[in-house]
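# Inside the fold
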Amino acid sequence: MAEFAFHQVDVFATRPFGGNPLAVVTGADGLTDAQMAAFANWTNLSETTFLLRPTHPDADYRVRIFTPQQELPFAGHPTLGTCHVWLQQGGVPRGRHVVQECQAGLVPVRRQDAVLAFAAPPLRRAGAVEADVLAAIARGLHLPPDSIRASNWADNGPGWVAVMLRSRAELLSVRPDYAALGDLKVGLVAPFDTALDRDDALFEVRAFTGGPDGVEDPVTGSLNASLAMWMIGAGLAPPSYVARQGTVLGRRGRIAITSDAGEIWVGGTVVTTIAGRVTI
């Protein structure tokens, strides 16, 4: 057993307890795969990350990302949360941006005032959603077919299917049947009614992972990245906008999307809620 610096942070939050929590263990090079997996299972957060020395010459640090059940090659809110901790611990980037090394490769993270943003990874799958998949989504989310305004595969790793509804009110009223969704991962998005909602956000987002242990994620960086690539490319969203996520779960996650020179950046603020040491 050994002691490690430990942080728990809130990502895409403007104040504590408004975003998506993340556990970060720093200086974790001595931990085994089994120890990392066991600790991530114990925290029972959607993700736990482990900060390591980089192996790539262009990287500032390396990160491994675990859910309670498995390791992920990349995820959005763990990227921003881990970068926040690395900077708070005195990390200084070698170049213009921080460069994170993870199983998915090198991910640039840029700083602009208090906002950190990662460059959206390319889509692994795009294009029209099959009729049977859309029918399964409609059944699993109890949606009438005419409520679906647009849809697209928007998979940048986790397997997201993106579905746009006609209104934010419809989106917030959805109560999913996770078993009926099966192994689908569905990202719902709907526009704000600017005359009614009185918010600078343009879109509300919800993220559902189906199956017997199905869950709704509070604020999802990977989904917002893939939604932005689809919606901006299809003319369904402007080049830059703010999205909200987590409303139904009592969160106020805010995601800033910016298109810059053909690259989409997904950003938000991070708040540290716990700092100390942990024995693993």
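Scroll up to find the structure.
Residues numbered from 1 in each chain as written. Predicted model: local features only at pLDDT ≥ 70, side-chain atom pairs only at ≥ 80, totals over all residues. Heavy atoms only, no water.

This brings us to the overall build of the chain. Broken down by element type, the chain carries seven helices and 18 strands. At 18 Å, the chain has a C-alpha radius of gyration in line with the 19 Å of a compact globule built from 280 residues. Expressed along its principal axes, the backbone C-alpha trace of the chain runs to roughly 55 × 40 × 30 Å. Each of the 280 residues in the chain was classed as buried or not, and the buried ones make up 54%. (Helix = DSSP H or I, 4+ residues; strand = E, 2+ residues; numbered from the N terminus. Rg over C-alpha atoms; globule rule 2.2 N^0.38 Å. Buried < 20%, exposed > 50% of the residue type's maximum accessible area, 1.4 Å probe, protein only.)

All right, on to the pairing of strand E13 (residues 203-209) then. Across the seven residues that make up E13, a large majority, six, are buried. The sheet contact formed by strand E12 (residues 185-191) and E13 spans seven bridges and is antiparallel. Considered in E13, the bridge of Pro-191 is made with Phe-203. The sheet contact formed by E13 and strand E15 (residues 240-245) spans three bridges and is parallel. Each bridged residue has a counterpart across the sheet, and for Val-205 the counterpart in E15 is Gln-245. (Pairing = 2+ DSSP bridges.)

Take the pattern of salt bridges next. Evaluation of the coordinates by the stated rule reveals 11 salt bridges. A salt bridge links Arg-110 to Asp-260; the nearest nitrogen and oxygen atoms lie 3.2 Å apart. Separated by 150 residues along the polypeptide, Arg-110 in strand E7 (residues 105-112) and Asp-260 in strand E16 (residues 253-260) bring together distant segments of the chain. Among the residues examined, Arg-110 registers a relative accessible area of 15% and is labelled buried. For Asp-260, a relative accessible area of 37% puts it in the partly exposed group. Each of the salt bridges in this network shares a partner with another, and the network as a whole consists of Asp-33, Arg-64 and Glu-71. (Salt bridge = Lys/Arg side-chain N within 4 Å of Asp/Glu carboxyl O.)

Once that is clear, we can look at the packing of aromatic side chains. Ring pairs (aromatic) are described by centroid distance and by the angle formed between their planes. Within the structure shown, the criterion is met by eight aromatic pairs. Pairing Phe-39 with Phe-50 gives two aromatic rings, centres 6.3 Å apart and planes at 70°, and the pair type is edge-to-face. In this pair, Phe-39 is assigned in helix H1 (residues 33-43) and Phe-50 in strand E3 (residues 48-52), connecting sequence segments 11 residues apart. Each member of the pair, Phe-39 as well as Phe-50, carries the same accessibility label: buried. Ring centres of Phe-203 and Tyr-241 lie 5.1 Å apart, and the angle between their planes is 70°; this geometry places the pair in the edge-to-face category. Placement of the pair is Phe-203 in strand E13 and Tyr-241 in strand E15, with a sequence separation of 38 residues. On the basis of relative accessible area, Phe-203 is assigned to the buried category, the value being 5%. (Phe/Tyr/Trp six-rings, centres within 6.5 Å; stacked < 30°, edge-to-face > 60°.)

A separate point is helix H3 (residues 131-140). Within H3 the residues assigned to the buried category are Val-133, Ala-136, Ile-137, Ala-138 and Gly-140. For H3, the elements touching its buried residues are strand E10 (148-155), strand E11 (160-165), helix H5 (178-181) and E12. Just beyond H3, the residue with positive phi is His-142, at close to 55°. (Contact = heavy atoms within 4.5 Å.)

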